[in-house]
Amino acid sequence: MVQQITPQQLDALSAQAQASPRRRANLNLHPRLEDPIQRLAIAMEPDTYVRPHRHPHTWELLYPLRGRFVVLHFDEAGTVTRRSVLGEDALTLETPAGGWHAVLSLDVGGVIFEVKHGPYQPILDADYVSWSPSADAPADAVNATLAWYATAQVGDTLPRD
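Being a predicted model, the structure only gives us computed values, none of them experimental.

K.L.:
What is the right way to read the pattern of salt bridges from this model?
P.N.:
It is possible for side chains bearing opposite charge to pair when their charged atoms get close. The tally for this structure, following the rule as stated, stands at eight salt bridges. Arg39 is paired through a salt bridge with Asp35; the nearest N and O atoms lie 3.1 Å apart. Three or more residues are tied together by salt bridges with common partners; here these are Glu60, Glu114 and Lys116.

K.L.:
Is there a simple way to think about unusual backbone geometry in this case?
P.N.:
Peptide bonds are trans in most cases, and residues, glycine excluded, mostly fall at negative phi. The omega torsion across Gly118 and Pro119 is 0 degrees, close enough to zero to call that bond cis. When you line up the elements, Pro119 lands in the loop between strand 8 (110-117) and helix 2 (139-151). Here Arg23, not a glycine, exhibits a phi torsion of approximately 65 degrees, which is positive. By relative accessible area, Arg23 is classed as partly exposed at 22%.

K.L.:
Looking at this structure, I do not really get the sheet that holds strand 5 (residues 80-86). What am I missing?
P.N.:
Where strands meet in a sheet, backbone hydrogen bonds hold them as pairs that are either parallel or antiparallel. Pairing is antiparallel in the open sheet, where three strands are placed in the order 5-4-7. This sheet does not close on itself; its edge strands, each paired only once, are strand 5 and strand 7 (100-105). Shown here is a sheet whose adjacent strand axes are inclined to one another by a mean of 15 degrees, direction ignored.

About the cut-offs
Residues numbered from 1 in each chain as written. Predicted model: local features only at pLDDT ≥ 70, side-chain atom pairs only at ≥ 80, totals over all residues. Heavy atoms only, no water. Salt bridge = Lys/Arg side-chain N within 4 Å of Asp/Glu carboxyl O. Helix = DSSP H or I, 4+ residues; strand = E, 2+ residues; numbered from the N terminus. Buried < 20%, exposed > 50% of the residue type's maximum accessible area, 1.4 Å probe, protein only. Pairing = 2+ DSSP bridges. Axes fitted to C-alpha atoms, helices over the stretch in contact; angles between N-to-C directions.

Okay, here's the thing in structure tokens:
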């Protein structure tokens with residue numbers, strides 16, 4: 001079966017993200033979560049929090065379909081080792097397996113396309129960094145982290161309380 005993503009589907013996906021408490025929504029092209037290659041469009045609003053994490057079992061390829069996205073890579077201590085802006089200074093970005101990273105949507109209605117090895121595996125607690133707020137942290141801590149993502153440069157370290 002031929003798969004495609006239309007502008008209308010991106011509009012609908014962005015509307016779902018805007019209505020979602022997580023401020024994200026995805027459209028899977030892979031037929032099953034067990035598929036060996038995961039392929040999905042993810043609508044991300046600028047206020048969605050993607051906590052720094054890693055995927056020990058796979059690389060991850062990102063491509064912006066709409067909007068711009070800051071992608072930060074970190075060392076074990078939380079220092080930024082690479083900053084890329086997808087849709088501006090990079091058109092694709094591949095994070096190696098085990099690489100610590102986080103993503104920030106810079107634009108309302110942003111949609112990023114992700115490809116990685118399957119099957120789908122939820123991120124384990126051990127694969128989130130200890131030096132960042134959890135997803136259920138108070139809003140002020142999460143918002144401060146998002147603001148830091150927007151301006152962080154190579155060599156910067158996420159401030160800790």
